[in-house]
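Coordinate inspection notes
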Amino acid sequence: MKTDPREIIARRAARELRDGFYVNLGIGIPTMVANYVAPDIEVILQSENGMLGIGPYPIAGSEDSDLINAGKETVTELPGTSYFSSAESFAMIRGGHIDLSILGALEVDCSGNLANWMVPGKMVKGMGGAMDLVASARRVIIAMEHTTKRGEPKILQACTLPITGMKVVDTIITELAVIRVTSRGLTLEEISSETSVEEVCRLTDAPLSVRKPVQGML
């Protein structure tokens, strides 16, 4: 059975976590990272809606509808979990207390610019916390599928959608590759066993420098 590409992305993103990190997980694929935190490290997951100490997704049948993340998904709490207002939550973010933010994206470009909050012409509920997170977190990782549902690249030479943040992305993790954003552009560091360097380059609109030897993702 073929592995869900979202699980591949979330599992690899979890390897970027470090002991003692305070981490914010964005809506979508990033929230799945909570299921793959290594057992030998302590990571404190924060949610914009006012929760510090988020655990993995609950087992079916044991959900508590009062425990939700920013994406309105039911979650679990860990020992020591605390709850607070959205105002206090954003004070943590804007105060620079988040070591790492893992977010989804619509587009990322070779300068590390990020577009992840709206598509012109479609209904938008609001910016959410993305702009605060990319401006304030010490490091930003994008966890997203490599192409759109139509097979079009999401990693571009220049973003075409409204920008969330300029030069804010440090690393891009997809089901196909791990790409670092550097001052000289994008560097391909790891690829999935299901693909090749040539295929990753073909599905990426931006030019890629290739670190040799390229490592396997998992």
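See the structure shown above.
Criteria and cut-off values
- Residues numbered from 1 in each chain as written.
- Predicted model: local features only at pLDDT ≥ 70, side-chain atom pairs only at ≥ 80, totals over all residues.
- Heavy atoms only, no water.
- Salt bridge = Lys/Arg side-chain N within 4 Å of Asp/Glu carboxyl O.
- Helix = DSSP H or I, 4+ residues; strand = E, 2+ residues; numbered from the N terminus.
- Buried < 20%, exposed > 50% of the residue type's maximum accessible area, 1.4 Å probe, protein only.
- Pairing = 2+ DSSP bridges.
- Arc of directions from axis to C-beta.
- Contact = heavy atoms within 4.5 Å.
- Core = buried A, V, L, I, M, F, W, Y, C linked by side-chain atoms within 4.5 Å.
- Axes fitted to C-alpha atoms, helices over the stretch in contact; angles between N-to-C directions.

Once the charged atoms of two side chains with opposite charge are near each other, the side chains can pair. Across all of its chains, the model carries ten salt bridges by this definition. E199 is the salt-bridge partner of R202, the closest N and O atoms lying 2.9 Å from each other. Of this pair, R202 and E199 both sit in helix α4 (residues 197-202), three residues apart, roughly one helical turn. Using a relative accessible area of 56% as the deciding quantity, one classes R202 as exposed. Given a relative accessible area of 29%, E199 falls into the partly exposed group. In this structure, a network of salt bridges that share partners links the residues R12, E16, R139, R180, E189 and E190.

It is worth spelling out the pairing of strand β8 (residues 140-143) at this point. Burial along β8 is two-sided: V140 and I142 and I141 and A143, pointing in opposite directions, are all buried. Judged from the three bridges that link them, strand β5 (residues 100-103) and β8 form a sheet pairing that is parallel. Its bridge partner being in β8, I102 is matched across the sheet by I141. Bridge count between β8 and strand β10 (residues 171-173): three bridges; the pairing is parallel. When the sheet's bridge partners are listed, I142 is paired in β10 with I172.

Attention now moves to the sheet that holds strand β9 (residues 155-156). Taken together, the three strands give an open sheet; going across it, the order is β7-β6-β9, and neighbouring strands pair in mixed fashion. Two strands lie at the open edges of the sheet, namely β7 (114-115) and β9, each paired on one side alone. Judged from the two bridges that link them, strand β6 (residues 107-109) and β9 form a sheet pairing that is parallel. When the bridges of β9 are listed, D109 appears paired with L156.

So, on to helix α2 (residues 86-94). For α2, the full list of buried residues reads S89, F90 and I93. The buried residues of α2 occupy an angular sector of 90 degrees when the element is viewed end-on, so they sit on one face. At its buried positions, α2 is contacted by β1 (22-25), β2 (44-47) and α3 (130-136). Of the residues one or two after α2, G96 is the one with positive phi, at around 80 degrees.

Judged by nonpolar contacts, the single largest core of 28 residues is most densely connected at V108, L114, I142, V169, I172, I179 and L186. The set of elements that each furnish at least two residues to this core consists of α2, α3, β8, β11 (177-182) and β12 (185-191).

Further remarks concern the sheet that holds strand β3 (residues 51-54). An order of β4-β3-β2-β1-β5-β8-β10-β11-β12-β13 is seen for the ten strands of this open sheet, with the pairing classed as mixed. Of all the strands in the sheet, just β4 (77-83) and β13 (208-216) have a single pairing partner and so form its edges. Taking the axes of each pair of neighbouring strands and ignoring which way they run, one obtains an average angle of 25 degrees across the sheet. In this sheet, β2 lies alongside β1 in parallel orientation, the contact comprising three bridges. Each bridged residue has a counterpart across the sheet, and for V23 the counterpart in β2 is L45. Along the sheet face, helix α1 (residues 5-14) touches β5, β8, β10, β11 and β12 and points at about 145 degrees away from the line of β10. Across the face of the sheet, α2 comes into contact with β1, β2 and β3 while running at roughly 120 degrees to β2.

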